[in-house]
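Given next are the chains, with one letter for each unit.
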Amino acid sequence: MEYMHLREIRANQHEIEKAFERLMAIRMLVARPGACQWQFFRGCARVLLGPGMDEQDKSRWTELTPARAAQYKFEVENKLRRFYQRPGEKHPFVFTLVHRDRLHWYGLDREDYPSLCGYCLLVRDTAEMTTGLAPVVGPELAAYLEKVVTEALVAEFRAYAGLPELDFSLLEPWFIRDSPAWFQVTNVMTGCRNRGWRLDNPMNPSTCRMLSVVVKKVSKNDAEVATREYWYLRWWDSRSKKYTYPYRETNSQLYILNRTGPETWKIFQNLRPMPRSSQPFRWK
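Source: prediction; values computed, not measured.

**Q** What is the right way to read the nonpolar core from this model?
**A** Grouped burial of nonpolar side chains is what soluble globular proteins tend to show. Counting residues in each nonpolar core, the largest one holds 79 residues, and the members touching the most others are F40, F41 and F95. A per-element tally of this core places helix α6 (residues 139-161) first, with eleven residues. Beyond its immediate chain neighbours, meaning those up to four positions away, F41 contacts F20, L23, M24, V76, L80, F95, L97 and L121.

**Q** Quick question: what am I supposed to make of the packing of helix α2 (residues 13-24) against helix α3 (residues 36-49) here?
**A** Helix-helix packing is characterised by the crossing angle of the two axes and by the distance between the axes. Direction vectors running N to C along α2 and α3 enclose 175 degrees, while the axes themselves pass 11 Å from each other. By the angle class used here, α2 and α3 are roughly antiparallel. The residues of α3 that touch α2, namely those facing Q13, I16, E17, F20, E21, L23 and M24, are W38, F41, R42, A45 and L49. Per-class residue counts for the contact of α2 with α3 are eight nonpolar, one polar and three charged.

**Q** Would you explain the environment of F95 in this entry?
**A** Structurally, F95 is set in strand β1 (residues 93-99). Residue class for F95 comes out buried when judged on its relative accessible area of 2%. Sequence separation between F95 and L121 is 26 residues, and the spatial gap between their C-alpha atoms is 6.7 Å. Discounting chain neighbours no more than four positions away, the residues touching F95 are I16, A19, F20, L23, F41, L80, Y84, L121, L122 and V123.

**Q** Before we go on, may I ask you to explain unusual backbone geometry in this structure?
**A** In most cases, non-glycine residues show a negative phi, while peptide bonds are predominantly trans. Between L163 and the following residue, P164, the backbone shows a cis peptide bond with an omega angle of 15 degrees. With respect to the helices, strands and loops of the structure, P164 is situated in the loop between α6 and α7 (180-195). Even without being glycine, M203 reaches a positive phi, approximately 65 degrees. One can find M203 in the loop between β3 (197-198) and β4 (207-218). Positioned with a positive phi, K241 is a non-glycine residue whose angle comes to about 60 degrees. Here K241 is to be found in the loop between β5 (222-237) and β6 (242-261).

**Q** What am I meant to see in the pattern of salt bridges here?
**A** Where charged atoms from two side chains of opposite charge approach closely, those side chains can pair. In this structure the tally under the stated criterion is five salt bridges. Taking the shortest distance from any N to any O, the salt bridge between E21 and R42 comes out at 2.8 Å. In this pair, E21 sits in helix α2 while R42 sits in helix α3, placing the two residues 21 residues apart along the sequence. Across the pair E172 and R177 runs a salt bridge, and its minimum N-O distance is 2.3 Å. Classification of R177 by relative accessible area gives partly exposed; the value is 44%.

What counts and how
For every chain, the first residue of the written sequence is number 1, and numbering continues from 1 along that sequence. In view of the model being predicted, local features appear only for residues whose pLDDT reaches at least 70, and side-chain atom pairs are presented and counted only at 80 or more, with totals across whole chains, interfaces and linings using the full set of residues. Excluding hydrogens and water, the side-chain values take into account all heavy atoms of the structure. Among the buried residues, those of types Ala, Val, Leu, Ile, Met, Phe, Trp, Tyr and Cys that are joined through side-chain atoms within 4.5 Å form a nonpolar core. Think of it in three bands: residues with accessible area under 20% of the maximum for their type are buried, residues over 50% are exposed, and the middle band is partly exposed, with areas taken using a 1.4 Å probe on protein chains only. Each helix is a run of DSSP H or I of at least 4 residues and each strand a run of E of at least 2, with the numbering of both proceeding from the N terminus. Throughout, a contact is declared for two residues whenever any of their heavy atoms are within 4.5 Å. Axes here mean lines fitted to C-alpha atoms, for a helix over just the part in contact, with angles spanning 0 to 180 degrees between N-to-C directions. For classification, angles of less than 35 degrees are called roughly parallel, those exceeding 145 degrees roughly antiparallel, those between 65 and 115 degrees roughly perpendicular, and all remaining angles oblique. Residues were grouped as follows: Ala, Val, Leu, Ile, Met, Phe, Trp, Tyr, Cys and Pro as nonpolar; Asp, Glu, Lys and Arg as charged; and all remaining residues, including Gly, as polar. Any Lys or Arg side-chain nitrogen located within 4 Å of an Asp or Glu carboxyl oxygen qualifies as a salt bridge.

Following this line, the structure appears as structure tokens:
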């Protein structure tokens, strides 16, 4: 189950507004509706659902410091998390506050989504929940997916650096075997070994570096992670005893990951551009 996109919220706005007001009327949750954190929570709902804000409200929130806004968000989220985890009546919609810089964790467009002092109210439709394993959405999963992609980059480089030995076991923790991403790497390994190319000659400057990694989208069984990477592979021809092909690129790549277990994700596909600074050989 994912958070609703803005168009879905607009289509169900009346029902969401009613659910929000019912939530705010629960005294066990909102003991003091006039407290600043709950007024901030309501303000986030107003910019998302309407009717918007008058000049007095705009002036009030304009003067709110980032530190104070973060404190309000923490207090509201702490209460909501405990409330939703308690046994009781099922609610048709679940609400949460997140910073707009983290909207990409949930597959939402930061540019279009309304926010108040940098924070956005997200809505989940619990009717869309299905049986089975629900995805873990949040900073923990995002950090884990970033780790998988970063470790995969290191494993790929080590696999190349280990030639002429074909050690596919380096890839197994991070890549789905026989997937497009798996064959993409293993084909390069096989092609370079057949040509006698390697990276282990003395003073070889080959290296790689992860410059940035961002989780773009997460759903129940797949995820998309965008990266900015630097690769320098200076291939040495062991037969002619000279450097034969320098691959030196800084590019953007998109990784498609699949859930392979209750707490395991691996890379299924890696979409990367063709080299621009050098002309690659064609490997059959």
